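What the coordinates show
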Amino acid sequence: MDTEGYQPCAFSRSTPLSLFPVMGLPRYCLSGDPNKPCSILQFKGITFMLDCGLTAQTVLNFLPMPLVPSTRLDSLPGWMPRDCSDSQLERELKECCGRVFVDSTPEFQPPQSRIIDFSSVDVILISNYLCMLALPFVTEETGFKGMVYATEPTMQIGRMFLEELVENIEQTPRASFASRWKEFLHLLPQPLSNCHRPRTWKHIYNLTAVKKSLSHIRMVGYNQKLDVYGALTVMAVSSGYCLGSSNWVIDSGYEKIAYVSGSSTLTTHPRPMDQPALKNADVLILTGLTQTPTANPDSMLGELCMTVANTLRLGGNVLLPCYPSGVVYDLFECLSSHLDNSGMSTIPMFFISPVADNSLAYSNIFAEWLSTAKQNKVYLPEEPFPHAFLSRTGRLKHFKHIYSDGFSTDYRQPCVVFCSHPSLRFGDVILFMEMWGSSPLNTVIITEPDFVHVEALAPFQPLQMKVVHCPIDTSLNFTQANKLIRDLKPGTLVLPESYLHPPIIDPARSDLVIDTDRPTIPYKRDEVHSLPLKRKLTPAGISTSLTEKLSPIEVRAGLSLATVTGELKVADNKYSIQPKEDVLIQVEDSSTHIICEGDQKLRLRLRDILLQCLNKF
């Protein structure tokens, strides 16, 4: 709508013309994983998708996909339920040390599309690169025409995660896909029998879909207010969790919604969390708290460094399954320093990922998204991360794959290998598990919290190599989250239902819950809730021709009031008050007169309306 010629209304909160109440905001939860969230929020006629996380824990039900044929995996016995003779099913299931796996390409659980049509989504807000891996499932071949907002590091590092995921799976194609097992869940052992809607699981997208999905993204900066169809503004603020990670503020001018996902108050490499922008929201949506509430990140990091040093002293190798960005940067820094202090500066470290080179390069050019300490190094000049120096000096060597040029020449033992994928179901990490798993001198250290380490290691049993679980999750813990809620003072708190109960592994820990006196709305997967946010006011413009006719009367010092007679119009989520048409309609026995001051078009419209009414009698 063209707003030229209109003035903003200076209505008080009691002005009837500025009151447009709405009963509540519908919210739909499309994910069952609080750390890979995806939900729908509808506000002022706009449909938001808050993150589009991909639930990857489903891949643990499948056998690993080795780069080269594995005699051990190929020789695993098939498994069949009792009193079942389905020949197709017999070829799909294999048993390893009492655990049954699907012998097929791994499948993922994308956000559920049963509740809402993705083509109706107007805006997707991405919090961090770990919460965008389902983006191609949402935007491609669904009719999606909306906009995706994310910071530059989120988009660029997210691109790496997407490309790595696709390449790791596509480099080991399977001749056939297993699906028959999904018809026999009631006959299968746990955890297969507990799979949630496996018929909705999907194989990974391709690189073409990745490229198209990324084309929808509009890059934004912190504290940059973005107009959304004239009805709302959205703003990304630093969440302190990883490079470019964001919390989001949705503001109508009178109501405020804060979305907090994947945040951290610890001092690591990202820019610190911006809390003031989130204060006093009408609704606070909280998700993405730590997955390891009983593990202290600093303690885990110390244990990791000591484990690596002890393993290397005995001549063993260390394998660290990892993602291509995030905590791995801190591991490079801390571990290299610890090995230097331990007299092991000649021990090589290898970083193997299809996107290893891009990851190391990008991390050093995103200076504005880093902590103050890291930013200051840029102006010395000095690289913000030590892995640039480690790479130049040959201490840290990076390769796309173990078969890449130069790896066989540089490879020597003992060594430390950082390798994808942390699920242990695809990627070069599988070869190292097969190669080093039979020696008790070697150690695998599980640091990523996304996968249950016992389940991830199950298809490699029996293992002789040592297994050390050092989960490092810098997300808010429950103590930090409770303090944050007290400081932010939201009107209503919306959070996963699981945050109100102690973790299953430690049910006596009543301190590992969200404890607040704020009105709280818990939610679970597939649930729909109406958030208690009523729109009280909305701004409206008033035409210049009307303002010229106003006759304000001073009721007290500094306050004048005037009555307004006009027509309220709504277009493109903007309200305006315009002069009413002055029309006189005279209806007589034999004639009807319509007088509207020379507006012939309006007169003809009114005539047609009257004739339609007369035809009904």
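Here is what the cut-offs are and how they apply
- Residues numbered from 1 in each chain as written.
- Predicted model: local features only at pLDDT ≥ 70, side-chain atom pairs only at ≥ 80, totals over all residues.
- Heavy atoms only, no water.
- UniProt positions renumbered as here; feature names shortened; annotations may be inferred.
- Disulfide = S-S within 2.5 Å.
- Buried < 20%, exposed > 50% of the residue type's maximum accessible area, 1.4 Å probe, protein only.
- Helix = DSSP H or I, 4+ residues; strand = E, 2+ residues; numbered from the N terminus.
- Pairing = 2+ DSSP bridges.
- Axes fitted to C-alpha atoms, helices over the stretch in contact; angles between N-to-C directions.
- Parallel < 35°, antiparallel > 145°, perpendicular 65-115°, else oblique.
- Left-handed = near helix turned anticlockwise from the far one by under 90°.
- Contact = heavy atoms within 4.5 Å.
- Nonpolar A, V, L, I, M, F, W, Y, C, P; charged D, E, K, R; others polar.
- Phe/Tyr/Trp six-rings, centres within 6.5 Å; stacked < 30°, edge-to-face > 60°.
- Lys NZ or Arg CZ within 6 Å of the ring centre and 35° of its normal.
- Salt bridge = Lys/Arg side-chain N within 4 Å of Asp/Glu carboxyl O.
- Arc of directions from axis to C-beta.
- Polar contact = N/O pair within 3.5 Å; in protein donor to acceptor, adjacent residues only side chain to side chain.
- Core = buried A, V, L, I, M, F, W, Y, C linked by side-chain atoms within 4.5 Å.

As annotated in an unreviewed UniProt entry, the chain is Beta-Casp domain-containing protein from Timema genevievae. In UniProt, the chain has this text filed under Sequence similarities (unreviewed entry): "Belongs to the metallo-beta-lactamase superfamily. RNA-metabolizing metallo-beta-lactamase-like family. INTS9 subfamily."

A separate point is the state of the cysteines. Cysteine pairs can be covalently joined through their sulfur atoms, and such a bond is termed a disulfide. Going through the model one piece at a time under the given rule, you end up with zero disulfides. The closest cysteine sulfur to the non-disulfide-bonded Cys-305 is located on Cys-334, 5.9 Å from its own sulfur. We classify Cys-305 as buried; its relative accessible area is 7%.

Once that is clear, we can look at the environment of Ile-124. Summarising the element assignment, Ile-124 is placed in strand E7 (residues 123–125). For the pair formed by Ile-124 and Tyr-149, sequence separation is 25 residues and the distance between their alpha carbons is 6.2 Å.

The next thing to look at is the sheet that holds strand E11 (residues 232–238). Strand order in this open sheet of seven strands is E10-E11-E12-E13-E14-E21-E22, and the pairing throughout is mixed. The open sheet has two free edges, formed respectively by strand E10 (225–228) and strand E22 (520–523), since each of these has just one partner strand. For this sheet the average axis-to-axis angle between neighbouring strands, irrespective of direction, equals 20°. As judged from the four bridges shared by strand E12 (residues 246–251) and strand E13 (residues 256–261), these two strands associate in the antiparallel manner. If you follow Val-249 over to E13, its bridge partner there is Ala-258.

Where helix H4 (residues 152–170) contacts helix H5 (residues 207–214), the axes come no closer than 10 Å and their chain directions differ by 165°. The pairing of H4 with H5 is recorded here as roughly antiparallel in orientation. Crossing hand, H4 versus H5: right-handed. Side by side, H4 and H5 meet where Met-155, Arg-159, Leu-162, Glu-163 and Val-166 of the first sit next to Leu-207, Val-210 and Leu-214 of the second. Residues of the contact of H4 with H5, tallied by class, amount to six nonpolar, no polar and two charged.

Position of Leu-335 relative to the elements: it lies in helix H7 (residues 327–341). Leu-335 sits in the buried class, given a relative accessible area of 0%. Taking the C-alpha atoms as reference, Leu-335 lies 64 Å from Ile-542; in sequence the two are 207 residues apart. Those residues in contact with Leu-335, other than ones at most four positions away along the chain, are Leu-304, Cys-305, Val-308, Met-349, Val-416 and Phe-418.

Turning our attention to the packing of aromatic side chains. For the structure shown, the criterion picks out 16 aromatic pairs. Their ring planes at 85° and their centres at 6.3 Å tell us that Phe-62 and Trp-181 sit as a pair that is edge-to-face. In this pair, Phe-62 is assigned in the loop between strand E4 (46–50) and helix H1 (71–74) and Trp-181 in the loop between H4 and H5, connecting sequence segments 119 residues apart. Residue classification places Trp-181 among the buried residues on the basis of a relative accessible area of 0%. Ring geometry for Phe-108 against Phe-426: centres 6.4 Å apart, planes inclined by 50°, an arrangement best described as tilted. A residue pair is termed long-range when its members are at least 10 positions apart, and Phe-108 in the loop between strand E6 (99–102) and E7 and Phe-426 in the loop between strand E18 (416–419) and helix H12 (429–436) qualify at 318 residues. Judged by relative accessible area, Phe-108 falls into the buried class, the value being 1%. The residue whose ring lies beneath Arg-27 is Tyr-523, and the NZ or CZ to ring-centre distance is 4.0 Å.

Counting across every chain of the model gives 16 salt bridges. Note that Arg-174 is salt-bridged to Asp-103, the shortest N-O span being 3.1 Å. Placement of the pair is Arg-174 in the loop between H4 and H5 and Asp-103 in the loop between E6 and E7, with a sequence separation of 71 residues. Assessed through its relative accessible area of 24%, Arg-174 is described here as partly exposed.

Before going further, it helps to examine helix H14 (residues 478–488). Taken as a whole, H14 has its buried residues at Phe-478, Ala-481, Asn-482, Leu-484, Ile-485 and Leu-488. Projected down its long axis, H14 shows its buried positions confined to an angular sector of 160°, all on one face. In H14, the exposed positions that point more than 90 degrees away from the buried face belong to Thr-479 and Arg-486. Buried-residue contacts for H14 involve E13, strand E14 (283–287) and strand E21 (492–496). At the N-terminal boundary of H14, the capping side chain belongs to Asn-477, with an oxygen 3.1 Å from the backbone nitrogen of Thr-479.

Looking now at the environment of Val-513. With respect to the secondary-structure elements, Val-513 resides in the loop between E21 and E22. For the pair Val-513 and Leu-463, spaced 50 residues apart in the sequence, the C-alpha separation amounts to 36 Å.

This part is about the sheet that holds strand E20 (residues 466–469). Backbone-to-backbone hydrogen bonds join strands into a sheet, with any given pair of strands oriented parallel or antiparallel. With respect to topology, six strands assemble into an open sheet ordered E17-E16-E18-E15-E19-E20, the strand pairing being parallel. Each edge of the open sheet carries a strand with a single partner, namely strand E17 (396–399) and E20. The average angle at which neighbouring strand axes cross in this sheet is 20°, direction not considered. In this sheet, E18 lies alongside strand E16 (residues 349–352) in parallel orientation, the contact comprising four bridges. Residue pairing for E18: Ile-352 is matched across the bridge by Cys-419. Seen against the sheet, H7 touches strand E15 (318–321), E16, E17 and E18 and runs at an angle of roughly 170° to E18. Relative to the sheet, H12 contacts E15, E16, E18 and strand E19 (443–446), its axis offset from that of E15 by approximately 150°.

Now for the nonpolar core. Counting residues in each nonpolar core, the largest one holds 107 residues, and the members touching the most others are Met-49, Ile-124, Tyr-205, Leu-304, Val-416 and Phe-418. The greatest single-element share of this core, amounting to eight residues, is contributed by H4. Not counting residues within four places of it along the chain, the set of residues in contact with Leu-304 comprises Leu-320, Leu-331, Leu-335, Ile-445, Thr-447, Cys-470 and Ile-472. Grouped together as the second largest cluster of nonpolar side chains are 28 residues, Phe-48, Leu-125, Tyr-149 and Val-494 included.

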